[in-house]
Amino acid sequence: MTSPLDDYNRKRNFDRTAEPPGTAAPRDDGAAGGCDGRLRFAVQHHLASRDHYDLRLEWNGTLLSWAVPKGPSYNPRDKRLAVRVEDHPLDYRTFEGTIPQGEYGGGTVMLWDEGWWEPLVDVEQGLREGDLKFALHGHRLKGAWVLVHMKPKKGERDVNWLLIKEKDDYVRADAGIDGFETSVRTGRTMDEIARGEDEAFAANPFDHVDVELAKLVSSTPPGDNWLFEVKYDGYRIVAYVEGGRARLVTRNGNDYTRHFPAIARSLEDWAAGRAMVLDGELVVTDEAGKTDFQALQNFLRDPSGKHPAYVAFDLLAFEGDDLRDRPLAERKELLESLMSDAPDNLRYSVHVRGNGADSFRAACKQHLEGVVGKRADSPYRGVRNGDWIKLKCGNEREFVVGGYTQSAKRVRGISSLLLGQYEDGRLAYVGRVGSGLSEATSRELLAAFEGLERPDAPFADAPKPRPGERVVWLDPQTIVQVKFAEWTEDGLLRHPSYQGIRTDKDPRDVQREPASEPDEQTPDRLERPMNSDNEKNGELRIDGVRITNPGKLLFEDPPITKEDVVRYYASMADRMLPYASGRILSIVRCPRGADSACFFKKHPGPSTPGVRTVDIPTSSGDEEPYFYVEDAVGLVSEAQMDTLEFHLWGSRVDTLEQPDMMVFDLDPDKGLGLEQVRRGVRDLKGILDELGLKSFLKTSGGKGYHVVLPFQPAASWDAFHDFARRTAQVMAEKWPDRYTSNVRLAKRTGKVFIDWMRNGRGATSIAPYSLRARSGARVSMPLSWEELDEAAPDAFTMHDALARIEGDDPWDGYFDVDQALE
């Protein structure tokens, strides 16, 4: 099988030359661009039998190459001959050195320019038609150019093209390339390269640094000697760039370069051989521009997702000079000027001088993480001394895992993580988190916990195991990030939700961070916005969400206000989220109350706290945006938007095409008695029992009951849907006078319809504990099987549901069921 690099390999003896061998397989950075999506180019000054310049453009996994004898020119009148030569491998883009005499192209090669190029026409068509227009974004060559093919004269090879500068802002009267006599990557001249001298660029004055840490405070300091920046939610990374290579190091010394190769390459290209040390945050942003830590976690698992960016906020060294003793404002001024031409995935962290209170309010209004304040005249000391401070809009922290729980019925997977933070040298227990722990997450965590098991608890105040659970104690080596509503009076987490593992910090650095008391002279004390109830100037906040028009009546009989609904979902979060979090939602909103027109909504609107969006392929092959929640903030945010009902997909986002929740809705025809519906529930349970399948019961909040089956996410939607249909058909065939599986209304007369259609891709069912947008504010309430004869389908009001959560969970053991659809 031929390869576009066959000619290149045939002309070279790789036992003699240091040039990289060509391979037919495209590299990991893609056939038409690096993993940051950009096409690279290089110009190499090549002093061989004849002095010339080689232009190389990345395309389809190789470098298209032309030899330009006189070099490029910025003058459009100069039509430079460009001889098309064999394609070169991608690795040749950074080659610099000496090719031995006697070898093809023997002589000295300097990397004269590099950067990225942008096709201005269809490349394949341009090559075929001999008119390839493109823009160069290099250190020395910029602007638009064109390669024009020349028809060969008789007896000539068909390889001659002309390289011509297009007319734009970069045009010059001269060639514009004189004076550039050193490598853009190593700083060496041709003679120095030929002599094999070391790279000429400066080295960084240090290769390790302790990062500056911010102190958590509750108010902003006055005065203009403070610079305020957005607080980013990602990985703190110190970038060491030296000798044309970049190294990405976390605050606890882990090298993350291999995890983010596109960022490293962008730093290398942009630095152009300059040595520097940067401090910043590696982040992924959502559609609204907010940093999304979970999206960053997802990228580490699957690099085909959203690409990260590196936000630089400090310059610690430049061209061999240690800048840490210089004032921050001076360091940032130099950094900003350097980053004026940085690529899109390298960003400068802008700041505001003074006005900290306004900056904080603006950040919280936009649902950002918060702000970081830094003394403008402060040196960089690598400690937490108060020169840097942070104010957080929400409660999201790192915690150390000291153990995990499993159900006694199934010693597999994880029910919850037991969390702690260090205080006075001891690991203090702060609570447990179970929300957000999917099957995939459990597998990832169990892999991280291998070898960490221990016989005793690492906590100074270890919690007692709950009835029916097994606790596995761990050496406190694993850090996780958790979002939560607030701290309880007992110092425990309220409504926690797991976000991801952190490997960029040392567990001993995870300390309790009580907000310091504000300076008495500070006039603008800001209340933390994540309190469950925060009334100031008439403003109500629940779980950090600002509640507008809390007195609006959403149910008339009994009278229930918007505030009542929001508080219901905040209180019900711990019971509801294990079933509802991480599932695509369709919701029912009633802006004028349940007795007026409501509407069904399945696509996301404007960005809302705690509500995440995801693009999902449709049957047509296109993608559409959907949304889901993961924590109490998401439920409360939806309730703030007058959402009364939550309907769920049968699969979770991280296993979207493998459903795990099957729902049968027993819907009686008009006039049927309640006993006939209850008999249908028992008959369905009997069939499922015969199949060895465990099922659970809940009210619909309307006319019927729902029978729910948990499965391991393994089967396809088609298999899932077909099994539900066949089960309903068995019911109808076994008792044809009682039940029907036919969706047509005419076939339901005098029967109970076994609705199996909620189990297809895109279909939804009402969430456990969700309100219904009907008079009386009824609830879809989980029941024990013993309660079937005691509770009608519409028996539970919102107030009844709130009273029930103080008792036992009727669905205890739901997540212990280990059954798969064969």
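Residues numbered from 1 in each chain as written. Predicted model: local features only at pLDDT ≥ 70, side-chain atom pairs only at ≥ 80, totals over all residues. Heavy atoms only, no water.

### With respect to the overall build of the protein
Rules: Here a helix means four or more residues in a row that DSSP labels H or I, a strand means two or more in a row labelled E, and each is numbered from the N terminus. Think of it in three bands: with a 1.4 Å probe and only protein chains considered, a residue is buried below 20% of the maximum accessible area for its type, exposed above 50%, and partly exposed in between. Note on contacts: a residue pair qualifies if any of its non-hydrogen atoms lie within 4.5 Å across the two residues.
Of regular secondary structure, the protein possesses 13 helices and 44 strands. Dimensions of the protein, computed from the C-alpha atoms along their principal axes, are close to 100 × 75 × 55 Å. The 822 residues of the protein split such that 56% are buried. The long-range share in the protein, meaning contacts at least 24 apart out of those at least 6 apart in sequence, stands at 67%.

### Let's talk about the side chain of T699
Rules: Here a polar contact is recorded for every N or O atom pair within 3.5 Å, except that within protein the pair must consist of a potential hydrogen donor and a potential acceptor, and residues adjacent in sequence are included only if both atoms are side-chain atoms.
Relative to the elements of secondary structure, T699 occurs in strand β39 (residues 696-699). Assessed through its relative accessible area of 0%, T699 is described here as buried. Of note is the side chain of T699, whose polar atom sits 3.2 Å from the backbone oxygen of V779. The contact partners of T699, leaving out residues within four places of it in the chain, are G704, Y705, V779, S780, M781, L783, A792, P793 and F796.

### Regarding the packing of aromatic side chains
Filter applied, for reference: Paired rings are identified among Phe, Tyr and Trp, the last through its six-membered ring, by centres lying within 6.5 Å, and are further divided according to the angle between planes into stacked (under 30 degrees), edge-to-face (over 60) and tilted (the rest). For a ring to carry a charge above it, either NZ of a lysine or CZ of an arginine must fall within 6 Å of the ring centroid while also lying within 35 degrees of the normal to the ring plane.
On inspection of all chains with the given rule, the structure shows 34 aromatic pairs. Arranged with centres 6.0 Å apart and planes meeting at 85°, the rings of W112 and F180 form a pair that is edge-to-face. With W112 in strand β6 (residues 107-119) and F180 in the loop between β9 (160-165) and α3 (190-194), this pair connects stretches of sequence that are 68 residues apart. We classify W112 as buried; its relative accessible area is 0%. Residue F180 is classed as partly exposed on the basis of its relative accessible area of 33%. Through successive ring pairs, a cluster of aromatic residues spans Y235, Y256, F260, F293 and F299. In this structure, R247 packs its charged tip against the face of Y240, placed 4.6 Å from the ring centre. The side chain of K685 reaches across the aromatic face of W785, ending 5.2 Å from its centre.

### Focus on the state of the cysteines
Basically, it comes down to this: In this description, a disulfide is simply a cysteine sulfur pair whose atoms lie within 2.5 Å.
Summed over all chains, the structure comprises one disulfide. Put simply, C590 and C598 are joined by a disulfide, and their sulfur atoms are 2.1 Å apart. Of note, the bridge from C590 to C598 carries an S-S torsion of about 110° and is right-handed in sense. Note on C590: relative accessible area 0%, which makes it buried.

### Focus on the packing of helix α11 (residues 674-690) against helix α12 (residues 717-734)
How we decide: Helix axes are fitted only over the stretch in contact, all axes being lines through C-alpha atoms; the angle between N-to-C directions runs from 0 to 180 degrees. Here is the rule for angles: anything less than 35 degrees is roughly parallel, anything more than 145 is roughly antiparallel, 65 through 115 is roughly perpendicular, and the remaining ranges are oblique. Whether a crossing is left-handed or right-handed is set by the direction in which the near helix is turned from the far one by less than a right angle, anticlockwise for left-handed and clockwise for right-handed.
Close contact between α11 and α12 brings their axes to 11 Å; oriented N to C, the two are set at 120°. Considering their axes alone, α11 and α12 lie oblique with respect to each other. Here α11 runs over α12; the crossing is right-handed. Note on element contacts: α12 touches α11 through T727, V730, M731 and K734, opposite G680, D683, L684, I687, L688 and E690.

### Observations regarding unusual backbone geometry
Of note, the amide linkage connecting D557 to P558 takes the cis form, showing an omega dihedral of -5°. Relative to the helices and strands, P558 is located in the loop between β31 (553-555) and β32 (560-561). Of note, the phi angle at D642 is positive, near 70°, even though the residue is not glycine. With respect to the secondary-structure elements, D642 resides in the loop between α10 (632-640) and β37 (643-652).

### Observations regarding the packing of helix α9 (residues 562-580) against α10
As a reminder of what qualifies: Ten residue types, Ala, Val, Leu, Ile, Met, Phe, Trp, Tyr, Cys and Pro, are classed as nonpolar, four, Asp, Glu, Lys and Arg, as charged, and the remainder, Gly among them, as polar.
Two numbers describe how α9 lies on α10: the axes approach to 9 Å, and their chain directions differ by 155°. By the angle between their axes, α9 is roughly antiparallel relative to α10. Note on packing geometry: the crossing formed by α9 with α10 is right-handed. Each of K562, V565, V566, Y569, A570, A573, M576 and L577 in α9 lies in contact with α10, whose residues at this interface are A632, L635, V636, A639 and Q640. A breakdown of the residues in the contact of α9 with α10 according to their chemical character gives 11 nonpolar, one polar and one charged.

### Digging into the sheet that holds strand β19 (residues 370-375)
We apply this condition: Two strands pair under a simple rule: DSSP has to find at least two bridges between them.
One open sheet holds the five strands; their spatial order is β10-β20-β19-β11-β18, and the pairing between them is mixed. The sheet is open, and its two edges are formed by β10 (215-216) and β18 (352-353), each paired on a single side. Across five bridges, β19 lies against strand β20 (residues 388-392) in antiparallel orientation. Its bridge partner lying in β20, K374 is registered against W388. Packing against the sheet, helix α6 (residues 328-338) makes contact with β11 (226-230), β18 and β19, and its axis sits at approximately 45° to β11. Here helix α7 (residues 356-365) sits on the sheet and contacts β11, β18, β19 and β20; the angle it forms with β19, its principal contact strand, is near 155°.

### Considerations on the sheet that holds strand β34 (residues 599-601)
Reading across the sheet, the four strands line up as β34-β33-β37-β43 and stay open at both edges, with antiparallel pairing between neighbours. Unpaired on one side and paired on the other, β34 and β43 (765-766) mark the two borders of the sheet. As defined by bridge partners, strand β33 (residues 583-589) adjoins β37 across six bridges and the pair is classed as antiparallel. When the sheet's bridge partners are listed, R583 is paired in β37 with R652. With respect to the sheet, α9 is in contact with β33 and β37, its orientation differing from that of β37 by roughly 10°. Seen against the sheet, α10 touches β33 and β37 and runs at an angle of roughly 135° to β37.

### Re α6
To be explicit about the condition: Relevant arc is that of directions from the helix axis to the C-beta atoms, nothing else.
For α6, the complete set of buried residues consists of L328, R331, K332, L335 and L338. Looking straight down α6, one finds that the buried residues subtend no more than 120° of arc, so they occupy a single side.

### Focus on helix α8 (residues 439-448)
Those residues of α8 that fall on the buried side of the exposure criterion are T441, S442 and L445. Mapping the buried residues of α8 onto a view down its axis gives an arc of 100°, with all of them on the same face. Tucked into the core, α8 has its buried residues touching β22 (416-423), β25 (469-484) and β28 (497-502).

### Comments concerning the domain arrangement of the protein
Put simply, the test is: Delimitation of the domains relies on an automatic or database domain assignment. A quick way to say it: buried area is the sum, across both parts, of accessible area lost when two parts are put together, with a 1.4 Å probe. Any carboxyl oxygen of Asp or Glu that lies within 4 Å of a side-chain nitrogen of Lys or Arg is treated as forming a salt bridge with it.
With domains assigned, the protein is organised as domain 1 (3-22 + 32-193), domain 2 (213-390), domain 3 (398-507), domain 4 (541-650) and domain 5 (659-759). For domain 2 and domain 4, the distance between their C-alpha centroids amounts to 34 Å. Counting residues at the interface gives six residues for domain 2, matched by five residues for domain 4. Here domain 2 and domain 4 share an interface that buries about 460 Å² over both sides, 31% of which is from carbon and sulfur atoms. In this assembly, domain 2 and domain 4 are joined by one salt bridge. Joining domain 2 to domain 4, the criterion identifies one residue pair in polar contact (both at pLDDT 80 or more). Residues belonging to the side of domain 2 that touches domain 4 are distributed by class as follows: one nonpolar, two polar and three charged.

### Observations regarding the pairing of strand β13 (residues 245-250)
The two faces of the sheet receive side chains in turn, since in a regular strand these alternate between them. In this structure, strand β12 (residues 235-242) lies alongside β13, joined through six bridges in antiparallel fashion. The residue of β13 that forms the bridge with V241 is A246. In this antiparallel pair of consecutive strands, β12 and β13, the connection spans two residues, and G243 shows a positive phi of 60°.

### A look at the pattern of salt bridges
Going through the model one piece at a time under the given rule, you end up with 52 salt bridges. Ionic pairing is found between K11 and E86, a salt bridge with its closest N-O pair at 3.2 Å. Of this pair, K11 sits in the loop between α1 (6-10) and β1 (39-47) while E86 is found in strand β4 (residues 80-89), placing the two residues 75 residues apart along the sequence. Looking at K11, the relative accessible area reads 37%, which means it is partly exposed.

### A closer look at the side chain of Q640
Topologically, Q640 is positioned in helix α10. We classify Q640 as buried; its relative accessible area is 11%. At 2.9 Å, the side chain of Q640 and the side chain of T548 are in polar contact. Beyond its immediate chain neighbours, meaning those up to four positions away, Q640 contacts V545, R546, I547, T548, K562 and V566.

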